[in-house]
Amino acid sequence: PAGGSGVVSRPAAPPGGPGPFGRHDLPAFVLLLALFAAERLAIHALGVSPDPTAIAGLWQHLPLSELREDYWGALAGLRSQPPLWNGVLGAAARLCGGDLFCVASGFQWSFMGLTLLSAVMVRAGLGLAGARPWLAWGAAYLLALGPSAAFFELFPLYAHLTMALAAGIGLALATLAR
C-alpha cells in the first residue's frame, strides 16, 4: 500500500441480483430456435408466403419507385410518413432493384431475425429485472411463437421494427436499473 496506510484498494463489486442469463438458458434457447424453425417451416409447407403486391398499396411509405430513384431526396421530402421505415424500405428497394417479391421476401427473413432478437432481448430484460427464468422464457416463447409474430412477418410493415425497438429499450432500462 502506498504511504503505509495499510488499506488495500479494491474495485467495487458488481451490483447484486440476477444476470440476464443463467446456466440453464442454452437448452431453452436451442429449444426456442428449434420450435421457431419448425413453426416457420410448417407455415411455408402450407403455402403461406409474403404477398409482394401488398407493398405497392400501403400509405405508410412513399412509392418504391420514388425511394429507389431518388432515395435521399425522397427521404428529405417526407411530411407525414415514418422516416426510418421509409429509409429501410428504400434501401431494400434499391438493393432488390424494384423486384417486389425480393423486397417482400427480404423483409420476411429480416423480420424473422427481429422476432428472435426481440424474444432474446425480452428474456434478458426480464432476467435482469429479477423474473424467474421460466417466466422470462415463457414471455420470449410467446413473443416468438405466437401467431401474431408469424403473421406480421409476412407483411412489410414497421410493426417488427417497433417491437424490436421496444424490446431493446426495455432491455436498456433493465440494464440501467441494476
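If you're wondering where the values come from, they're calculated on a predicted model, not measured in any experiment. (Residues numbered from 1 in each chain as written. Predicted model: local features only at pLDDT ≥ 70, side-chain atom pairs only at ≥ 80, totals over all residues. Heavy atoms only, no water.)

Concerning the packing of aromatic side chains
Aromatic ring pairs are defined here through the distance separating the ring centres and the angle between the ring planes.
Here is step 1 of the chain: In this structure the tally under the stated criterion is eight aromatic pairs.
Here is step 2 of the chain: With centroids separated by 5.1 Å and ring planes inclined at 80 degrees, the aromatic side chains of Phe-151 and Phe-152 adopt a geometry described as edge-to-face.
Here is step 3 of the chain: Here the aromatic cluster, defined as three or more aromatic residues joined through ring pairs, consists of Trp-85, Phe-107, Phe-111 and Tyr-158. (Phe/Tyr/Trp six-rings, centres within 6.5 Å; stacked < 30°, edge-to-face > 60°.)

Brief notes about the state of the cysteines
Here is step 1 of the chain: Applying the stated criterion to the full structure yields one disulfide.
Here is step 2 of the chain: Two residues, Cys-96 and Cys-102, share a disulfide whose sulfurs are 2.1 Å apart. A torsion of -60 degrees about the S-S bond marks the disulfide between Cys-96 and Cys-102 as left-handed.
Here is step 3 of the chain: Overall, Cys-96 belongs to the buried group, its relative accessible area being 16%. (Disulfide = S-S within 2.5 Å. Buried < 20%, exposed > 50% of the residue type's maximum accessible area, 1.4 Å probe, protein only.)

Side note on a nonpolar patch on the surface
Here is step 1 of the chain: There is a patch of nonpolar side chains on the surface, built from Leu-84, Leu-165, Ile-169, Leu-173 and Leu-176 and spanning about 570 Å² of accessible area.
Here is step 2 of the chain: Per element, the largest residue contribution to the nonpolar patch is four residues, and it comes from helix α9 (residues 159–177).
Here is step 3 of the chain: Looking at the secondary structure, you find Leu-176 in helix α9. (Patch = residues over 30% accessible without salt bridge, like charges linked within 9 Å, V, L, I, M, F, W, Y side chains within 5 Å. Areas by Shrake-Rupley, 256 points an atom, 1.4 Å probe, with all protein chains shown as cover. Salt bridge = Lys/Arg side-chain N within 4 Å of Asp/Glu carboxyl O. Helix = DSSP H or I, 4+ residues; strand = E, 2+ residues; numbered from the N terminus.)

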